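Structural characterization, general
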Amino acid sequence: MAINPAPDYDNIGIKYEHTFAHDKGLLNFVKTSLELLPPDASVLDIGSGTGKPVSDTVVASGRKLYGIDLSPAMIELCRKQVPGGTFELVNILEFTPKEQFNAAFAVFSMFGFTREEMNEMARKWSEWIVPGGYLLIGTMAADDFPTKPHMLDEDGLCARGIEHTFMGKRIANLLYTKKGWESLLREVGFEVVGTEMVPFQPPAEAECDNEPHYYITARKAS
Ligand SMILES: C[S@@+](CC[C@H](N)C(=O)[O-])C[C@H]1O[C@@H](n2cnc3c(N)ncnc32)[C@H](O)[C@@H]1O
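Summarised in this report is the structure supplied together with it. Note that the coordinates shown come from a computational prediction; the quantities given were computed from them, not determined experimentally.

Reading the values: the criteria
Residues numbered from 1 in each chain as written. Predicted model: local features only at pLDDT ≥ 70, side-chain atom pairs only at ≥ 80, totals over all residues. Heavy atoms only, no water. Pairing = 2+ DSSP bridges. Helix = DSSP H or I, 4+ residues; strand = E, 2+ residues; numbered from the N terminus. Near = heavy atom within 4 Å. Polar contact = N/O pair within 3.5 Å; in protein donor to acceptor, adjacent residues only side chain to side chain. Areas by Shrake-Rupley, 256 points an atom, 1.4 Å probe, with all protein chains shown as cover. Nonpolar A, V, L, I, M, F, W, Y, C, P; charged D, E, K, R; others polar. Salt bridge = Lys/Arg side-chain N within 4 Å of Asp/Glu carboxyl O. Buried < 20%, exposed > 50% of the residue type's maximum accessible area, 1.4 Å probe, protein only. Disulfide = S-S within 2.5 Å. Expected span 1.5 Å × (residues − 1). Phe/Tyr/Trp six-rings, centres within 6.5 Å; stacked < 30°, edge-to-face > 60°. Axes fitted to C-alpha atoms, helices over the stretch in contact; angles between N-to-C directions. Parallel < 35°, antiparallel > 145°, perpendicular 65-115°, else oblique. Left-handed = near helix turned anticlockwise from the far one by under 90°. Contact = heavy atoms within 4.5 Å.

**Examining the sheet that holds strand 8 (residues 169-176)**
- Read from one edge to the other, the open sheet built from 3 strands follows the order 1-8-7, with strand pairing classed as mixed. Two strands in the sheet have a free side with no partner beyond their single neighbour: strand 1 (3-4) and strand 7 (158-166).
- Bridge count between strand 1 and strand 8: 2 bridges; the pairing is parallel. Residue pairing across strands places N4 opposite I171, the latter belonging to strand 8.

Here's what the structure looks like:
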């Protein structure tokens, strides 16, 4: 099967939610992450998708939610489905918040970036979050895929060209290893305080491969 460019979320829209919003591993990650935060915390949702399940769970918990996404269709869905949140149409790499947040979720929104962009994004995450605040990441790690040595960067911190079928299309991702995530986050002032890999099996009609979801809880130095 030919390799496609990054998914077109404007076309995917609500179909994404039908496939992924009931992911029990993600729902549990959001619930346990919220337990770490004060009741009046301000929370950023980076790449908020349709707003479900991350943004709407944050709003339902009574916390203040600001979501960002670069897809107009996704932002429209967020505004409709999560009226208690505030959403901005913006590229993550160009976002400049007016104030820092107590925590940020970045769930499955960091695929399709170069390593240089990931470094830049990590620096931004650190600027956006208060000292002692939390960065709550949902991703996939290179370690959980069959990789060949030539796919890994020399430092072993990330692998390129990891193929995966996502919503009927074959795509190739750059993925960090688990050690790579720890190093990326440490460089910008975060300590990884928890990780968990939870396999997710999408419904057959979604035409997606099984996904080894990797959740990272990181805390910014006080
Ligand atoms: C796989 S979906 C995940 C959505 C949501 N976080 C969730 O877990 O349900 C990825 C989302 O990230 C957004 N995204 C991808 N690259 C982005 C970028 N550079 N800036 C802003 N949003 C981006 C996409 O538009 C899409 O809505």
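So, next bit.
**Remarks on the site of the ligand**
- Close contacts around the ligand come from 17 residues, with G47, D69, N91, I92 and V107 the closest.
- The contact in question runs from a nitrogen atom of the ligand to an N or O atom on the backbone of L70, over 3.2 Å.
- Within the side chain of N91, a nitrogen or oxygen atom sits 3.0 Å from a nitrogen atom of the ligand.
- Against a free-state accessible area of 600 Å², the protein chains account for coverage of 94% of the ligand.
- Each residue belonging to the shell around the ligand can be placed in one class, and the counts come to 9 nonpolar, 6 polar and 2 charged.

**Overview of the pattern of salt bridges**
- Considering all chains together, one arrives at 8 salt bridges under this definition.
- One salt bridge in this structure joins E99 and K64, with 3.6 Å as the shortest N-O distance. With E99 in the loop between strand 4 (86-89) and strand 5 (101-107) and K64 in strand 3 (residues 64-69), the pair connects residues that are 35 residues apart, well separated along the chain.
- Owing to a relative accessible area of 54%, K64 belongs among the exposed residues under this scheme.
- Notably, a salt bridge pairs R115 with D155, separated by 2.8 Å at the nearest N-O pair. Of this pair, R115 sits in helix 6 (residues 115-128) while D155 sits in the loop between strand 6 (129-140) and strand 7, and the two are 40 residues apart along the sequence.
- With relative accessibility at 14%, the residue R115 sits in the buried group.

**A closer look at the state of the cysteines**
- A full pass over the atoms with the stated rule returns 0 disulfides.
- In this model C208 remains outside any disulfide bridge; the closest cysteine sulfur is found in C78, 19 Å from its own.
- You can call C208 buried: its relative accessible area is 12%.

**Some points on helix 6**
- An ideal rise of 1.5 Å per residue puts 20 Å on 14 residues; helix 6 measures up with 20 Å between its terminal C-alpha atoms.
- R115, M118, M121, A122, K124, W125, S126 and W128 are the residues of helix 6 that are buried.

**Focus on the packing of aromatic side chains**
- According to the stated counting rule, one finds 14 aromatic pairs in the structure shown.
- Taking the centre distance of 6.0 Å and the plane angle of 25° together, the rings of Y66 and F95 count as stacked. Here the residue Y66 occupies a position in strand 3, and F95 occupies one in the loop between strand 4 and strand 5, the gap between them amounting to 29 residues.
- Each ring, one from F108 and one from Y215, has its centre 6.2 Å from the other, and the planes form 55°; the classification is tilted. One end of the pair, F108, is in the loop between strand 5 and helix 6; the other, Y215, is in strand 10 (residues 211-220), with 107 residues separating them in the sequence.
- Looking at F108, the relative accessible area reads 10%, which means it is buried.
- You can call Y215 buried: its relative accessible area is 2%.
- In textbook terms, an aromatic cluster arises when at least three aromatic residues are bridged by ring pairs, as seen for Y9, Y16, F20, F166 and F200.

**Concerning unusual backbone geometry**
- Here the residue pair K52 and P53 is connected by a cis peptide bond, since its omega of 10° sits within 30 degrees of zero.
- Along the polypeptide, P53 turns up in the loop between strand 2 (42-46) and helix 4 (54-60).
- A positive phi is found at F108, a non-glycine position, where the angle reads about 55°.

**Examining the packing of helix 6 against helix 7 (residues 178-187)**
- Contact geometry for helix 6 and helix 7: axes closest at 9 Å, N-to-C directions at 50°. Between helix 6 and helix 7, the angle is such that the two are oblique. Crossing of helix 6 against helix 7: the hand is right-handed. Together, M118, N119, A122 and W125 of helix 6 and W181, L184 and L185 of helix 7 make up the contact between the two elements.

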